[in-house]
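# Inside the fold
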Amino acid sequence: VQLQASGGGLVQPGGSLKLSCAASGSGFAVNLMGWYRQAPGKERELVASRTSGGNTNVADSVKGRFTISRDNAKNTVYLQMNSLKPDDTAVYYCNAVVAVSGAIRNYWGQGTQVTVSS
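Here goes a summary of the coordinates provided. (Residues numbered from 1 in each chain as written. Predicted model: local features only at pLDDT ≥ 70, side-chain atom pairs only at ≥ 80, totals over all residues. Heavy atoms only, no water.)

What follows concerns the packing of aromatic side chains. Applying the stated criterion across every chain yields a total of one aromatic pair. Ring geometry for tyrosine 36 and tryptophan 108: centres 5.0 Å apart, planes at 70°, overall edge-to-face. Of this pair, tyrosine 36 sits in strand β4 (residues 28-38) while tryptophan 108 sits in strand β10 (residues 103-108), and the two are 72 residues apart along the sequence. The exposure class assigned to tryptophan 108 is partly exposed, which follows from its relative accessible area of 36%. When the ring centre of tyrosine 78 is taken as reference, the NZ or CZ atom of lysine 18 above it lies at 4.8 Å. The side chain of arginine 44 reaches across the aromatic face of tyrosine 93, ending 3.7 Å from its centre. (Phe/Tyr/Trp six-rings, centres within 6.5 Å; stacked < 30°, edge-to-face > 60°. Helix = DSSP H or I, 4+ residues; strand = E, 2+ residues; numbered from the N terminus. Buried < 20%, exposed > 50% of the residue type's maximum accessible area, 1.4 Å probe, protein only. Lys NZ or Arg CZ within 6 Å of the ring centre and 35° of its normal.)

This is the structure:
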């Protein structure tokens, strides 16, 4: 299973970005997809996740500003980020928990840089 993320970039404070991440491969079923982020000198933290059943988990720091959505048919997860702040600057990583070959496995995308700066 491979995860391909896209959509990062440079944006001014108050601006918006939308991240996308698609899972590809064969013989797998996605249980959960989400986004983590890691700022310089800090630990990786959960931003938001969404199960195949639609349950979401969103970090308090982004509630009301970020929205996670999924297209289950395309095995794709999106993160709409609005009202961005400089503190949101980080490398954002796509994550998927997948059932494959009789096991539950955790996969990570390559990371996409989000920089919020004027």
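This paragraph deals with the nonpolar core. Met33, Trp35, Leu79, Met81 and Tyr92 are the most contacted members of the largest nonpolar core, which totals 32 residues. Contributing elements (two or more residues each) for this core: β1 (2-6), β3 (17-24), β4, β5 (45-51), β7 (66-71), β8 (76-81), β9 (90-100) and β11 (112-116). Among residues more than four places away in sequence, those in contact with leucine 79 are Leu17, Lys18, Leu19, Trp35, Val47, Ala48, Phe66, Thr67, Ile68 and Tyr92. (Core = buried A, V, L, I, M, F, W, Y, C linked by side-chain atoms within 4.5 Å. Contact = heavy atoms within 4.5 Å.)

Looking at the element boundaries, alanine 22 is found in strand β3. A residue is classified by how much of its surface remains accessible, and alanine 22, at 30% relative accessible area, is partly exposed. With eleven residues separating them in the primary sequence, alanine 22 and methionine 33 have C-alpha atoms 9.6 Å apart. Beyond its immediate stretch of four places on either side in the chain, alanine 22 contacts Gln2, Leu3, Gln4, Asn75 and Thr76.

With that out of the way, let us pick up the side chain of arginine 70. If you trace the backbone, arginine 70 turns up in strand β7. As a buried residue without a salt bridge, arginine 70 has its nearest oppositely charged side chain in aspartate 71, at a separation of 8.2 Å. There is a polar contact of 3.0 Å between the side chain of arginine 70 and the backbone oxygen of arginine 50. Only 3.1 Å separates the side chain of arginine 70 from the side chain of asparagine 72, close enough to count as a polar contact. (Lys, Arg positive; Asp, Glu negative; His and termini not counted. Salt bridge = Lys/Arg side-chain N within 4 Å of Asp/Glu carboxyl O. Polar contact = N/O pair within 3.5 Å; in protein donor to acceptor, adjacent residues only side chain to side chain.)

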